[in-house]
Amino acid sequence: MCVPACSVRSKLVNSRLLVPRLHNWRFSTKTHFQGTTEYETEALILEAIRRPSDLSVKTRDDVDEQFHNVSRHYLSTPGKLFRPSLVCSMALTCNSVKHSSPSISDCQLKVAHISELIHTASLVHDDIVDNSQTRRSHSSVGAQYGELPATFSGNYIMSQASIALARLRNPEVIRLLSQVVEDLIAGEFMQLGSRQSTDERIAHYLSKTYKKTASLMANSCKAVSVLSSDDTKAHEAAFHVGRNIGLAFQLADDLQDFIISPEDMGKPTNADLKLGLATAPVLFAADQNSELEALIMRRFGRTGDVQKARDIVINSSGLRETRLLIEKYLEATTNSLRYFPESSSSTLICALGKQILHKISSVK
């Protein structure tokens, strides 16, 4: 089953567009790429995200109301939906190779939904580990319902993603998205460790960031490519699109922690520093400041360490070097997209990259 663009065009009227993009990014019905307008492409993605699906988190009749509410806590207040937007755009980009007016297949839509379920389950568990009180400007699951119910709800959401994945009956897609779950766990363990030299720390940080954030985008993009064709080069190109934009996305999130207020972030700032974690801005700044090196080694554990580290980073070139690395990964994203014919959906992926840069525009 496919969702044609024209069937959902009217749904955009009076709807809040869920595809993240620059405030001045506009979609014209007069601009065509491969026979599909950007307006219609965005409508397709909006439909994909909002479409009724058997992938919504369901609870059995014998499960009490609290568990029902806990399991839907984050899903009832969705975030930017960056991941399903990316996955749907990648699906259309892959499908445009053989079709002038591509559609998203039902299985590709399910991959987008599964990716969001996996992401949501990981947020629940992250907030428990980090003892975070807020998420998306609301109380976290753990803060509202308690740690134990939150733990079970994260496990349940992940189980629903696993069931939906098995129903796709595609061994390669199952392998790819199962790898994401393994990477998430490996990334958490990597976060517990540290390295001595700056170069080793940055390599360790990027590897951890890939596993915790970019793996989901990379393998989901590759999965929809696998569902599109047997072209192994297209699969690898799709993988690298997801990998590079995923790394840029997380680097920008780490950079925002130093330049945006908690109200605008929708979650507490300095959270990583308080957990003893050094992100890219800190690691780059440490290369210039031996005092910061000492703070990293003791994981910002003494009174005043967090504020001191923040002050050092803000007054260093660490923010700018992080932005330059983000630009490098977004350029790599664009290069990987060149494997595919230009289309409205590939333009949307570039728009997601521009949105990442827009978030950090204050850093020059």
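Residues numbered from 1 in each chain as written. Predicted model: local features only at pLDDT ≥ 70, side-chain atom pairs only at ≥ 80, totals over all residues. Heavy atoms only, no water.

Points about the packing of helix H15 (residues 318-337) against helix H16 (residues 344-359)
In contact at an axis separation of 11 Å, H15 and H16 are set at 180 degrees when each is read in the N-to-C sense. Relative to H16, the element H15 is oriented roughly antiparallel. Seen from H15, the contacting residues are Arg 323, Ile 326, Glu 327, Leu 330, Thr 333 and Leu 337; seen from H16, they are Ser 346, Ile 349, Cys 350, Gly 353, Ile 356 and Leu 357. Looking at the contact of H15 with H16, its residues break down into 7 nonpolar, 3 polar and 2 charged. (Axes fitted to C-alpha atoms, helices over the stretch in contact; angles between N-to-C directions. Helix = DSSP H or I, 4+ residues; strand = E, 2+ residues; numbered from the N terminus. Parallel < 35°, antiparallel > 145°, perpendicular 65-115°, else oblique. Contact = heavy atoms within 4.5 Å. Nonpolar A, V, L, I, M, F, W, Y, C, P; charged D, E, K, R; others polar.)

Things to note about a nonpolar patch on the surface
Taken together, the side chains of Ile 185, Phe 189 and Leu 192 make up a nonpolar region of the molecular surface, amounting to roughly 360 Å² of accessible area. Among the secondary structure elements, Ile 185 is positioned in helix H7 (residues 171-192). The class of Ile 185 is partly exposed, set by a relative accessible area of 49%. (Patch = residues over 30% accessible without salt bridge, like charges linked within 9 Å, V, L, I, M, F, W, Y side chains within 5 Å. Areas by Shrake-Rupley, 256 points an atom, 1.4 Å probe, with all protein chains shown as cover. Salt bridge = Lys/Arg side-chain N within 4 Å of Asp/Glu carboxyl O. Buried < 20%, exposed > 50% of the residue type's maximum accessible area, 1.4 Å probe, protein only.)

Topic: the confidence of the model for the chain
A low pLDDT score tells you not to read the predicted coordinates there in detail. Per-residue confidence for the chain gives a mean pLDDT of 81; residues scoring 70 or more make up 77%. In this model, residues 1-36 is a region of pLDDT below 50 whose contacts with residues beyond four sequence positions or in other chains number 94 contacts. In the predicted structure, residues 51-55 sits below a pLDDT of 50 and forms 13 contacts with residues beyond four places in sequence or in another chain. (pLDDT = per-residue confidence, 0-100.)

Looking at the pattern of salt bridges
Side chains carrying opposite charge are able to pair once their charged atoms draw close together. A full pass over the atoms with the stated rule returns 10 salt bridges. The partner of Arg 323 in a salt bridge is Glu 327, with the nearest N and O atoms 2.9 Å apart. One end of the pair is Arg 323 and the other is Glu 327, both in helix H15 and 4 residues apart, which spans about a single turn. Since its relative accessible area comes to 29%, Glu 327 is described here as partly exposed. Sharing partners across several salt bridges, the network here consists of Asp 126, Glu 188 and Lys 212.

Overview of the environment of Asn 131
The residue Asn 131 is located in the loop between helix H4 (106-129) and strand E5 (134-135) in this model. As a C-alpha pair, Asn 131 and Glu 147 span 16 residues in sequence and 9.0 Å in three-dimensional space.

Quick notes on the packing of helix H3 (residues 82-95) against H4
At their nearest, the axes of H3 and H4 sit 9 Å apart, and the two run at 155 degrees to each other. For the element pair H3 / H4, the angle class is roughly antiparallel. As for the relative orientation of H3 and H4, their crossing is right-handed in sense. Between H3, through Arg 83, Pro 84, Val 87, Cys 88, Ala 91 and Asn 95, and H4, the contact on the second element is made entirely by Gln 108, Leu 109, Val 111, Ala 112, Ser 115, Glu 116 and His 119. Residue composition of the contact of H3 with H4, grouped by class: 7 nonpolar, 4 polar and 2 charged. (Left-handed = near helix turned anticlockwise from the far one by under 90°.)

Comments concerning the side chain of Gln 191
Turning to its location among the elements, Gln 191 is positioned in helix H7. The class for Gln 191 is buried, based on a relative accessible area of 13%. Contact partners of Gln 191, with chain neighbours within four places excluded, come to Lys 208, Lys 212, Leu 277 and Arg 299.

Details of the nonpolar core
The biggest cluster of nonpolar side chains holds 86 residues, and the ones touching the most others in it are Met 90, Ile 245, Leu 292, Phe 300, Ile 326 and Ile 356. If sequence neighbours within four positions are ignored, Ile 356 has contacts with Phe 82, Ile 245, Ala 248, Phe 249, Ala 252, Ile 326 and Leu 330. (Core = buried A, V, L, I, M, F, W, Y, C linked by side-chain atoms within 4.5 Å.)

Description of the packing of aromatic side chains
For the structure on display, the rule yields 3 aromatic pairs. Aromatic pair Phe 82 and Phe 249: ring centres 4.6 Å apart, planes at 40 degrees, arrangement tilted. Of this pair, Phe 82 sits in helix H3 while Phe 249 sits in helix H9 (residues 232-256); the two residues are 167 residues apart in sequence, bridging distant segments of the chain. Both residues of the pair, Phe 82 and Phe 249, belong to the buried class. Their ring planes at 55 degrees and their centres at 6.5 Å tell us that Tyr 210 and Phe 239 sit as a pair that is tilted. (Phe/Tyr/Trp six-rings, centres within 6.5 Å; stacked < 30°, edge-to-face > 60°.)

Considering unusual backbone geometry
The residue Arg 169 is not glycine, and still its phi comes out positive at about 55 degrees. Considering the arrangement of structural elements, one finds Arg 169 in the loop between helix H6 (147-167) and H7. Even without glycine at this site, Phe 300 takes up a positive phi of about 50 degrees. By the secondary structure assignment, Phe 300 is in the loop between helix H13 (290-297) and helix H14 (305-314).

Some words on H15
Across its 20 residues, H15 extends 29 Å between first and last C-alpha, which sits within 8% of the 28 Å expected from 1.5 Å per residue. What H15 keeps buried is the set Gly 318, Leu 319, Thr 322, Arg 323, Leu 325, Ile 326, Tyr 329, Leu 330, Thr 333, Ser 336 and Leu 337. The buried side chains of H15 occupy one side of the element, clustering within an arc of 160 degrees when seen end-on. The outward face of H15, more than 90 degrees from its buried face, is lined by the exposed residues Lys 328 and Glu 331. The inward-facing, buried residues of H15 contact H3, helix H8 (198-226), H9, helix H12 (280-286), H14 and H16. (Expected span 1.5 Å × (residues − 1). Arc of directions from axis to C-beta.)

Some details on the environment of Glu 188
With respect to the helices and strands, Glu 188 occurs in helix H7. Residue Glu 188 is classed as partly exposed on the basis of its relative accessible area of 23%. Taking C-alpha positions, Glu 188 is 8.6 Å from Lys 211, a pair spaced 23 residues apart along the chain. Side-chain polar atoms of Glu 188 contact the side chain of Lys 212, separated by 3.0 Å. (Polar contact = N/O pair within 3.5 Å; in protein donor to acceptor, adjacent residues only side chain to side chain.)

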